[in-house]
Structure formats: structure tokens, C-alpha cells
Amino acid sequence: MTERELEILSILKQNPLISQQDIAEKLDISRSAVAGHIMNLTHKGVIKGKGYIFSDNKYAVVIGGSNMDILGRPAGDFRLCDSNVGHVTCSPGGVGRNIAENLARLGTDTRLISAVAKDAYGGLIIDQCQKAGVDMRSCLKFDDGATSTYLSVLNADSNMHVAINDMAILEKLNSATLQKEEEMLRRASLIVIDTNLSENALEYLFSNFSGIPIFVDTVSCAKALKIKPYLSSIHTLKPNLHEALMLAGMEIEGSEQLPILANWFHQQGVKRLFISLGEEGAFYSDGKEQKLMPAKPTLVTNVNGAGDAFVAALAHSWIRDWSIEPTTEFAMAAASIALSHLDTINPNMSEISVNRTIKGVAC
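Residues numbered from 1 in each chain as written. Predicted model: local features only at pLDDT ≥ 70, side-chain atom pairs only at ≥ 80, totals over all residues. Heavy atoms only, no water.

*Asks:* Please explain the pairing of strand 15 (residues 282-285) as it appears in this structure.
*Replies:* Put simply, side chains in a regular strand alternate between the two faces of the sheet. Alternating residues of strand 15 divide into Ala282 and Tyr284 and Phe283 and Ser285, and every residue in both groups is buried. Inspection of the sheet shows strand 14 (residues 272-276) paired to strand 15 by four bridges, in the antiparallel sense. Paired with Ser276 across the two strands is Ala282, which belongs to strand 15. Taking the residues that link successive antiparallel strands as the turn, the strand 14-strand 15 hairpin has five residues, and the phi of Gly278 there is positive, at about 65°. Here strand 15 runs beside strand 16 (residues 290-293); their pairing, made up of four bridges, is antiparallel. Residue pairing in the sheet places Ser285 in a bridge with Gln290 of strand 16. Joining the antiparallel neighbours strand 15 and strand 16 is a turn of four residues, in which Gly287 adopts a positive phi near 90°. (Buried < 20%, exposed > 50% of the residue type's maximum accessible area, 1.4 Å probe, protein only. Helix = DSSP H or I, 4+ residues; strand = E, 2+ residues; numbered from the N terminus. Pairing = 2+ DSSP bridges.)

Listed below in C-alpha cells is the structure:
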């Protein structure tokens with residue numbers, strides 16, 4: 001779907017009976033333009049009939065962090081203990097939020113459960129998500145505290161040099177607040193979580209929703225350890241190699257031993273494993289199929305957000321009922337699109353653009 005179609009779809013989900021004229025006024029476009037976009041959405045099978053009844057009631061729920069990303073990138077070689085000339089950008093981020101926006105842009109009905117403060121950053125995050133088509137009605141908004149902030153500095157090679165996060169508000173997302181969304185969670189086709197969640201929230205989710213496919217983004221080595229007691233309840237796990245090795249408590253000597261690592265996770269109960277290997281590609285396994293899929297050459301502008309796009313594509317592929325190999329190919333292409341843009345979320349992300357990337361066509 002196009003960005004304008006996503007905007008219109010978001011408005012329709014919030015108010016299925018809204019008039020085309022009201023939509024036009026909200027978006028500052030003509031009513032005839034709105035009619036054209038709605039016709040396209042109808043032809044694509046996204047909506048059908050009057051009252052904008054949605055043709056597919058499958059949806060994904062993403063639960064995790066939302067924050068404002070402040071990114072610094074030096075113009076030349078990075079110099080420690082000095083002021084570096086470069087560029088600074090500010091955009092909505094957070095692992096859970098990033099996954100949700102990418103997933104919505106890919107065309108999946110997506111609801112986000114996160115926590116923000118009623119401050120400027122919180123308002124920007126909610127506005128950006130809604131424009132991308134994310135259902136934000138379950139996002140918690142607090143009068144006290146501050147919206148999470150993630151400050152990162154890249155080196156001259158566009159790799160992360162250092163980062164600082166202030167995510168204290170996410171502690172307010174706990175079992176008590178999640179219980180209020182229990183009915184919506186039980187109807188979900190899948191649940192995606194990140195390990196920024198508290199121990200309390202993780203225990204509640206894995207204890208009560210193990211019958212629903214749960215996808216997990218491990219986030220970091222330190223935070224990944226929080227999900228070790230719940231591996232038997234995880235449907236799809238996406239760590240990088242360091243995170244996978246730490247969780248398994250083992251070392252491997254080369255990529256030929258990745259099946260051994262994967263089989264350990266399957267023995268713990270993980271149904272599908274996708275290990276991101278950076279420039280080498282990704283290794284996937286579901287206990288039956290196992291393969292190292294090489295990465296295609298990509299112009300890297302910003303490494304932040306590639307893993308989030310990968311996880312979003314895994315969830316989108318599950319909703320579409322794709323098998324594991326095309327799922328991995330799709331996820332790697334989505335990560336490539338994310339890598340090619342300075343912002344954490346590439347505004348060009350869509351199922352169409354990912355398929356074009358798979359075919360080697362420039363987006």
C-alpha cells in the first residue's frame with residue numbers, strides 16, 4: 001500500500017463510518033482523491049462494501065518500547081573525547097514501536113501496546129504511528145514521567161559507536177495494565193514482543209498467551225537472557241549470533257555448526273529460529289528446514305532499525321501464511337530497505353518495495 005492509502009486506512013479503522021469529505025479535510029486533499037484511494041484499497045481487497053468493512057480480521061499485536069531516537073553521525077572519521085562535525089536527526093523509535101510501524105507499512109493490521117508520557121515526544125510518536133496505519137488505542141499515556149529517549153552515535157562506517165537509553169516509563173507497562181487488553185490479545189493472530197519489557201510483563205504474557213504464536217525480538221545480549229525461562233513458549237525467535245550463543249551457553253567454530261545451535265533452541269521448544277548474521281546474511285531453522293541465506297550487497301546508511309524491519313517482515317509473512325524460505329528472503333529484503341535510509345524507519349517500506357528489492361529493482 002502507498003503511504004496515503006495507509007493514512008486513509010488508519011482513519012477508517014478508527015471510524016469506519018466516516019465520510020469521504022471528512023477524510024479529505026483531515027488529510028487536506030480533495031474528496032475525489034479520497035474516493036480514488038478507497039477504490040484502490042477495495043481493488044486490493046483490503047476493504048469491501050459500504051461502511052468500509054475490512055475483508056481480513058487477522059491482526060498482530062506488538063508489545064514493547066516506544067521512544068524518540070536521537071541519532072548523531074560524524075561527517076568524517078570519529079574522534080573520541082572531541083566535538084565531531086556531523087549530522088543529528090530526531091525520529092520516533094523504540095524496538096516495539098519500530099516493528100509496529102514497519103508491520104503496518106507492509107500492510108498488516110497492527111495494534112501497538114506501549115507506554116509514553118503526555119509530552120512533546122509522546123505526541124510525536126503517537127502521531128507518526130497513526131499516520132503509518134498503526135492502531136494506537138491501546139498505547140498507555142501517562143501524566144508523569146518522560147517519554148523514552150534513545151541517543152545513539154554512529155562511526156564513520158555507519159555502525160553504532162555508543163548509545164544511551166532512558167526507558168524508565170516502560171516499567172509502567174506491566175501485568176496490571178496488560179490485563180486490561182486481555183480480550184484483544186486473545187483474538188490476535190500473533191503477538192510480537194521485545195525484551196525491553198519488564199520481568200513482570202514477560203511472565204504475564206508467556207503464562208497467559210502461550211496458545212497464540214509469540215514472536216520475540218531479543219534486543220541485546222543482556223536483555224535476551226530475560227526470555228531464557230520462556231523458550232518453550234516462543235514460536236519465533238530472532239536473535240543475532242552473539243545473543244543466540246549467550247542464550248544457549250555455547251560457542252561454535254563456524255557457520256557449519258549453526259544447525260547444532262539451532263537444534264538446541266528447538267529442543268527447548270522454540271518452533272522457528274532466525275539468526276541474523278550481519279553481512280553474512282541470516283540462518284533460519286524450523287526443525288525441518290535449515291539454511292544460511294547470504295545477504296545481498298546493500299548500501300548502508302544507518303544500521304539502526306534493520307533488525308526491527310526483519311522481525312516485522314517475519315510477522316507479516318506469518319499473517320500471509322508464507323513458508324520459511326520466502327519468509328526469510330522477504331525479511332532480509334525488508335532489513336535491506338531499512339539499512340538504506342538515514343531514519344530508523346524507511347518511509348518507502350511496503351510489501352511492494354520489499355518485493356521489488358527481492359527482484360533487484362531499485363525502490
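*Asks:* What exactly am I supposed to notice about helix 1 (residues 3-14) here?
*Replies:* For the α-helix, the turn length of 3.6 residues means that residues three or four positions removed from each other point alike. With twelve residues, helix 1 extends 17 Å between its outermost C-alpha atoms, agreeing within 8% with the 16 Å of an ideal straight helix rising 1.5 Å per residue. A large share of helix 1 lies buried, amounting to nine of its twelve residues. Residues Glu5, Leu6, Glu7, Ile8, Leu9, Ser10, Ile11, Leu12 and Lys13 constitute the buried set of helix 1. (Expected span 1.5 Å × (residues − 1).)

*Asks:* So what exactly am I meant to see when it comes to the sheet that holds strand 15 here?
*Replies:* Within the open sheet, the eight strands sit side by side as 6-3-11-12-13-14-15-16. Their pairing is mixed. Each edge of the open sheet is held by one strand with a lone partner, namely strand 6 (110-113) and strand 16. Each neighbouring strand pair of the sheet contributes to a mean axis angle of 15°, computed without reference to strand direction. Note: strand 13 (residues 236-238) against strand 14, two bridges, orientation parallel. Among the inter-strand pairings, Thr236 is bridged to a residue of strand 14, identified as Arg272. Contacting strand 11 (190-194), strand 12 (214-217), strand 13, strand 14 and strand 15, helix 12 (residues 306-319) runs over the sheet at an angle of about 170° to strand 12. Together, strand 14, strand 15 and strand 16 form the strand contacts of helix 13 (residues 324-339), whose direction differs from that of strand 15 by roughly 155°. (Axes fitted to C-alpha atoms, helices over the stretch in contact; angles between N-to-C directions. Contact = heavy atoms within 4.5 Å.)

*Asks:* Explanation requested: the pattern of salt bridges in the structure shown.
*Replies:* In the structure shown here, the tally under the stated rule is 13 salt bridges. A salt bridge links Arg186 to Glu182, with the shortest nitrogen-to-oxygen separation between them at 3.0 Å. With Arg186 and Glu182 both in helix 7 (residues 182-186) and four residues apart, this pair spans about one turn of that helix. Linked by salt bridges that have partners in common, Arg97, Glu101 and Arg105 make up one network. (Salt bridge = Lys/Arg side-chain N within 4 Å of Asp/Glu carboxyl O.)

*Asks:* For this particular structure, what's the right way to read the packing of aromatic side chains?
*Replies:* Ring pairs (aromatic) are described by centroid distance and by the angle formed between their planes. Applying the stated criterion across every chain, the model contains six aromatic pairs. Taking the centre distance of 5.0 Å and the plane angle of 90° together, the rings of Trp264 and Phe265 count as edge-to-face. Across the pair, exposure class does not vary: Trp264 and Phe265 are buried alike. When the centroid spacing of 5.0 Å and the interplanar angle of 70° are considered together, the rings of Trp322 and Phe330 count as edge-to-face. For Trp322, a relative accessible area of 28% gives the class partly exposed. (Phe/Tyr/Trp six-rings, centres within 6.5 Å; stacked < 30°, edge-to-face > 60°.)

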